[in-house]
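# Fold and contact review
Read off the chains here:
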Amino acid sequence: MAAEAVVSVMIQKLSDFLDEESEIFEKVKDEVEKVMEGLKSILNSAQYQEQSSTMLMSQVLSLLGIVYRVEDTIESFCFIETRLKRMSFVKKHFSVIAKEVRLFRIVLPDTMEYSQNVPRLKSKMERFSKEIHEWEIRSSVLARLQGSHGMHQHEQQTQEPDAYRPPRIEDTISKKKALELLKRQITSNIEPLQIISVFGEIGIDNAPQVKTIYKSRVVTNMFPCHAWLVVDTNWSFRHLILAILKEVTSMKGMEKLIDEVLIGRLHGFLNDKKYLIVINDIKSLDLLKKLRGALPDAHNGSRVVITTPDERTASFADVTSPFCYKHLDMKEAMKTFIEKVKGLVKGSPVPGDIMEDHLKRKVAEICRGNPLRFALLVGFLSTRKVKYKDWLRVFKQNVLPTKFPTFDLLAFCYNDLPVHLKPCFLYLGLFEKGFEIPVRRLFRLWLAEGFVKPSEEGIILEDIVERYLEELVNRNMVEITKNRSDESPKKCRMTASLHDIFRPRGLEIGLFHLHQKSEENSYVEADSHRLEVRRVVECTNIKDYTTSQAFNQNLQSYISLNNRKKDMFADEVGIFLETIVGTRGFGLLKVLDLEGVDRPRLPEILGNLFLLRYLGLRCTFLNALPSSLGALLHLETLDIKHTQIRTVPSSIWNMKHLRHLCLNGAHLDIPVKSMKHTDPLQLQTLQGLFVDEKIARKIGSTLKRMTNLRKLDLTREACSTTTTTRSHSSSYEEISSWISSPSCLQSLRLRSINRMGQPSELIIEPFSSFENLSQLYLLGKLLKPLDWYQIPSGLKVLTLSVSQLDEDPMPTLSKLKNLIDLRLLASSYKGEEMCLPQNGFPALRVLKLWKLENLKRLTVKEGTMQKLHTLEIRCCKNLNKEGPETLLKIEELCNLILTDMPKPFVTAMNRKKKKHTLIEENP
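Okay, so let's go over this structure. (Residues numbered from 1 in each chain as written. Predicted model: local features only at pLDDT ≥ 70, side-chain atom pairs only at ≥ 80, totals over all residues. Heavy atoms only, no water.)

Assigned secondary structure in the protein consists of 29 helices and 30 strands. Expressed as a percentage of its 923 residues, the buried residues of the protein come to 53%. In the structure as shown, the protein presents an accessible area of about 40700 Å², 49% of it carried by carbon and sulfur atoms. (Helix = DSSP H or I, 4+ residues; strand = E, 2+ residues; numbered from the N terminus. Buried < 20%, exposed > 50% of the residue type's maximum accessible area, 1.4 Å probe, protein only. Areas by Shrake-Rupley, 256 points an atom, 1.4 Å probe, with all protein chains shown as cover.)

In structure tokens form, the structure reads like this:
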């Protein structure tokens, strides 16, 4: 069930507290463990009841109320005890520090003594145990009362499943045919404005096909003004108009305008333009009617395309061309199913002609021609690791019910998730539908929220969280929308159909709370505030958000998804934070994520957020951090990449829990006392560190303490613009001696610049010991041939810039069997000829050659780079105009990008390339 996710996280938190804070909880261990046992019992019974559909929502909310109060009580107790211990007031009256503690929203009587803290917690834990027991009794009675009724309903569903009713839209056609007709309709010579609807029930995703047309060169050339939108479930007409205006105009401050003015602005802007607006996943007929009245018709061939799972909306009277994708027939369905399960099944392949008819009927019965159901069924089967001959047994044993309506199948797949994956999955719903979530951001939020459950000893949490995402992807509940150059996931999202169903569940159980404007001057808050707010997700404007004590006293996360620029939002965020931190100072706040907010004003007393684990300020363009930052001793992630912050307080080295430090070329002083420490640091990521002469001699010993470091991005400033002095050399050798030792580094970026910001000599040692290194970026002159550096065989991505190599690097690099992406940038090679050896680069997919000004000949032997997908040549103006003809014959080559290249060279490439190779020419 959805609430199960919250309960499981609470059990894990209690376990962690008992392990990590054993001294603090020593005197209350028995009482806390009793609560844990009660919650575990609830977890088991709740799983059964949810599957039987017998638990009422009021019971769920009652359960969550208990769980949240347990969490707040335990964390408040831990917080107070830790603060008292740190301040050496262990047996003093609490009144001595009452004023300070009130800043953290944990208010106890001023006469409370430290010794009363433990009895008070014992009393509360005993009361919680009693409440849990009473809840179980009520749930048991309710289950018995509703059991027979629920079973009867289930039997009815099993005996009389809903027959499939095809859409009443007459033009029900295959996707391939629909794609051709849709493109023809969009690009036709018909002059009046046309609204074209593309219908498909939930699970038949039309957006990818429509986007293929939208991005085609024919369409983009025909419509100078175009917009692509994904409509969220609770969007208002105002949301829609604002979204279109933001896509097609550069107007600022539109949020302050009333609806009538916005409509006038949109109408006036589009009136003399030929436009194409694609609106995905619109379900409201009323919304579509209002939009039609706001759009001008200049009889110039403009088009509006909507995709919708709602038949009434698709049949809107003003729709001139309705399209409807049909369900897959039996033959298509089984072909789709077999394609998807390839690679999952152990033993012999799964040819369709030998698949038992009974199994075929079972699959068809469950999926009913719906691609989403096929994907979820395959995802379910992928977790069972069964052989083909065992599949029928899975169905016969009712591991998977065989007559399930659409929503029930989705619920079943969610319920089948392991307990630890449920909160992670629901958490994706706090992001807007269609939003591509950076995997880096998602992983660190999951960690900070306490969703990641440690498995076996010695396994790093970052490895565990990667497995979480991998399983959700394998189950086809989350999709990867963009990969990095080494093919690891970069961005992801919850699939659109699942987002509509599971975001409301996350809201319903109080996992997160949305604050967004639905109509002018009207804000939508969480479902009638039946549960206290835990996580606030800001979508539009925080100005009118209520900061009352009752509403926010246990706030744990504030995440802003508002990326408005150059208006008052930054000040509004500042006022909100000052209210939260200053007046009430929520001490339980763990996540403050302002990524993308333009220059938010941070309060100076930010350090009062003692339990803060995640501070996300990426792309905020701030130029300073509050001086109290060093007080955030529990901080795990500090992300100030893409800001103007150039100095970070040295107190950051006191943060023993810091795992991810993302800077932006910032100076980071290392105090002498920090150098004397020998304890290992927990850092996994250190990006954007700027090393000048002041700390060059200190950094080596500090880096050696980072035994878990996986990603290092370091820029070294040389002490002279023309020569390498003795002190420069010796300090560089100290750094080089560290990075050349065995480590678990996976990504390494090293730059060497002089005081004028120009590249200088890069002094490094061989990389042979870097067995785990997959990405390497080097900027600066390399003093020796490339083979001397002994590039690791497992390397996947290599970038060289201003390396000034005299010898051709290709013979050395061609032996790297795992290299996927190779980028030789400005002045990385000074020679006139480059040779790609025969049968070299067996895995390479991307090759970029930039500003190799001396290069005249590019010789390519047969059999090299057979998997090359993208070739980009930029500003290599002396390259032979005949070009690399052998590369152009590679079947896999799809993208050829030529930038600032001589016209004869471009002409030759156009003449020799294969038909399927797309060429992009940039002047």
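All right, on to the nonpolar core then. Core analysis: the largest hydrophobic core is formed by 104 residues, its most contacted members being Leu-615, Leu-822 and Met-834. With sequence-adjacent residues up to four places away left out, Leu-615 is seen in contact with Leu-592, Leu-606, Leu-629, Leu-632, Leu-635, Thr-637, Leu-638 and Asp-639. Counting 96 residues, the second-largest nonpolar core is a separate cluster that includes Val-60, Phe-77, Met-125 and Leu-507. (Core = buried A, V, L, I, M, F, W, Y, C linked by side-chain atoms within 4.5 Å. Contact = heavy atoms within 4.5 Å.)

Turning next to the sheet that holds strand β8 (residues 478-483). Spatial strand order, β7-β9-β8: 3 strands in an open sheet with antiparallel pairing. Each having just a single partner strand, β7 (437-438) and β8 make up the two edges of the open sheet. Pairing of β7 with strand β9 (residues 489-494), which is carried by 2 bridges, proceeds in the antiparallel orientation. Along β9, the bridge assignment pairs Pro-438 with Lys-491. (Pairing = 2+ DSSP bridges.)

Between helix α9 (residues 237-248) and helix α11 (residues 285-294), the shortest axis-to-axis distance is 10 Å and the interhelical angle comes to 45°. Here α11 runs oblique to α9, going by the angle between their axes. Where α9 crosses over α11, the two elements pack in a sense that is right-handed. Between α9 and α11, the contacting residues are Phe-237, Leu-240, Ile-241 and Ile-244 on the first element and Leu-287, Lys-290, Leu-291 and Ala-294 on the second. Counted by class, the contact of α9 with α11 contains 7 nonpolar, no polar and 1 charged residues. (Axes fitted to C-alpha atoms, helices over the stretch in contact; angles between N-to-C directions. Parallel < 35°, antiparallel > 145°, perpendicular 65-115°, else oblique. Left-handed = near helix turned anticlockwise from the far one by under 90°. Nonpolar A, V, L, I, M, F, W, Y, C, P; charged D, E, K, R; others polar.)

What follows is about helix α29 (residues 903-912). One turn of an α-helix holds 3.6 residues; hence residues three or four places apart share an orientation. Among all positions in α29, only Phe-905, Val-906, Ala-908 and Met-909 are buried. Down the axis of α29, the buried set is contained in an arc of 160°. They therefore lie on one face. Turned more than 90 degrees from where α29 packs its buried face, Lys-903 and Arg-911 sit exposed. Packed against the buried residues of α29 are β28 (870-874), α28 (885-888), β29 (895-899) and β30 (918-922). (Arc of directions from axis to C-beta.)

Here we take up the environment of Pro-626. Structurally, the position occupied by Pro-626 is in the loop between β15 (614-616) and β16 (637-639). Residues Pro-626 and Ile-605, spaced 21 residues apart in sequence, show a C-alpha to C-alpha distance of 7.4 Å. Residue contacts for Pro-626: discarding those within four places in its chain leaves Leu-602, Pro-603, Glu-604 and Leu-606.

Considering all chains together, one arrives at 11 aromatic pairs under this definition. Ring centres of Phe-25 and Phe-77 lie 5.4 Å apart, and the angle between their planes is 55°; this geometry places the pair in the tilted category. Here Phe-77 lies in helix α3 (residues 57-86) and Phe-25 lies in the loop between α1 (2-20) and α2 (29-52), a separation of 52 residues in the sequence. Each member of the pair, Phe-25 as well as Phe-77, is classed as buried. Among the aromatic residues, those joined into a ring-pair cluster are Tyr-414, Phe-425 and Phe-502. (Phe/Tyr/Trp six-rings, centres within 6.5 Å; stacked < 30°, edge-to-face > 60°.)

Turning to helix α21 (residues 496-508), a few remarks are in order. Counted at 1.5 Å a residue, the expected span for α21 with its 13 residues is 18 Å, and the 19 Å between its end C-alpha atoms agrees. Taken as a whole, α21 carries its principal kink of about 30° at Phe-502; the proline Pro-504 stands between one and four residues after it. By the criterion of burial, α21 is predominantly enclosed, with 10 of the 13 residues buried. Immediately beyond the C-terminal end of α21, within one or two residues, lies Gly-510, with a positive phi of roughly 75°. (Expected span 1.5 Å × (residues − 1). Bend = angle between axes of the 7 residues up to and from the residue.)

For Thr-187, the position within the fold is in the loop between α6 (175-186) and β2 (194-199). There is a polar contact of 2.7 Å between the side chain of Thr-187 and the backbone oxygen of Lys-183. Once residues within four sequence positions are removed from consideration, Thr-187 is found in contact with Val-218, Val-219 and Met-222. (Polar contact = N/O pair within 3.5 Å; in protein donor to acceptor, adjacent residues only side chain to side chain.)

This next bit is on the pairing of β9. Taken together, the 5 bridges between β8 and β9 define a ladder with antiparallel strand orientation. Note that in β9 the partner of Glu-479 across the bridge is Arg-493.

Here Pro-766 is to be found in the loop between β21 (747-753) and β22 (775-779). Along the backbone, Pro-766 and Ile-739 are 27 residues apart, and their C-alpha atoms lie at a distance of 9.5 Å.

Bringing the pattern of salt bridges into the picture now. Using the criterion set out here, one finds 40 salt bridges in the structure. Measuring nitrogen to oxygen at the nearest pair gives 2.5 Å for the salt bridge that ties Lys-590 to Glu-75. Pair noted here: Lys-590 is in the loop between α23 (569-584) and β14 (591-593) and Glu-75 is in helix α3, with a separation of 515 residues, a long-range link. Residue classification places Lys-590 among the buried positions, given a relative accessible area of 2%. Salt bridges sharing common partners tie together Lys-13, Glu-71, Asp-72, Glu-75, Arg-534 and Lys-590. (Salt bridge = Lys/Arg side-chain N within 4 Å of Asp/Glu carboxyl O.)

Turning to the side chain of Gln-556, a few remarks are in order. Position of Gln-556 relative to the elements: it lies in the loop between α22 (549-552) and β13 (557-560). Separated by 3.3 Å, the side chains of Gln-556 and Glu-71 make a polar contact. Residue contacts for Gln-556: discarding those within four places in its chain leaves Lys-13, Glu-71, Asp-72, Glu-75, Arg-534, Arg-535, Leu-588, Leu-589, Lys-590 and Val-591.

Before going further, it helps to examine unusual backbone geometry. Most of the time, phi is negative for any residue but glycine, and the peptide bond is trans. Phi at His-299 takes a positive value of approximately 55°, unusual for a residue other than glycine. Within the secondary structure layout, His-299 lies in the loop between α11 and β5 (303-308). Phi at Cys-875 is positive, roughly 50°, even though this residue is not glycine. Here Cys-875 shows up in the loop between β28 and α28. Given the relative accessible area of 15%, Cys-875 is considered buried.

The element β5 is largely enclosed, with a buried count of 6 among its 6 residues. Alternating positions in β5 separate into two faces, Arg-303, Val-305 and Thr-307 on one and Val-304, Ile-306 and Thr-308 on the other, with burial throughout. Pairing of strand β4 (residues 275-280) with β5, which is carried by 4 bridges, proceeds in the parallel orientation. Residue pairing for β5: Leu-276 is matched across the bridge by Arg-303. This β-α-β element, β4 to α11 to β5, shows right-handed connectivity. (Right-handed = clockwise from strand over helix to strand, strands pointing away.)

Within the secondary structure layout, Ser-188 lies in the loop between α6 and β2. Along the primary structure Ser-188 and Gly-301 are separated by 113 residues, whereas in three dimensions their C-alpha atoms are 7.8 Å apart. Separated by 3.0 Å, the side chain of Ser-188 and the backbone oxygen of Gln-185 make a polar contact.

Another point: the packing of helix α19 (residues 439-449) against helix α20 (residues 461-474). Relative orientation of the contacting elements α19 and α20 amounts to 115°, with a least axis distance of 10 Å. Comparing their axes, α20 and α19 come out roughly perpendicular. Viewed along their axes, α19 and α20 form a crossing whose handedness is right-handed. Between α19 and α20, the contacting residues are Val-439, Phe-443, Trp-446 and Leu-447 on the first element and Leu-461, Glu-462, Val-465, Glu-466, Tyr-468, Leu-469 and Leu-472 on the second. Partitioning the contact of α19 with α20 into residue classes produces 9 nonpolar, no polar and 2 charged.

As far as function goes, none of this settles anything; it's purely spatial.
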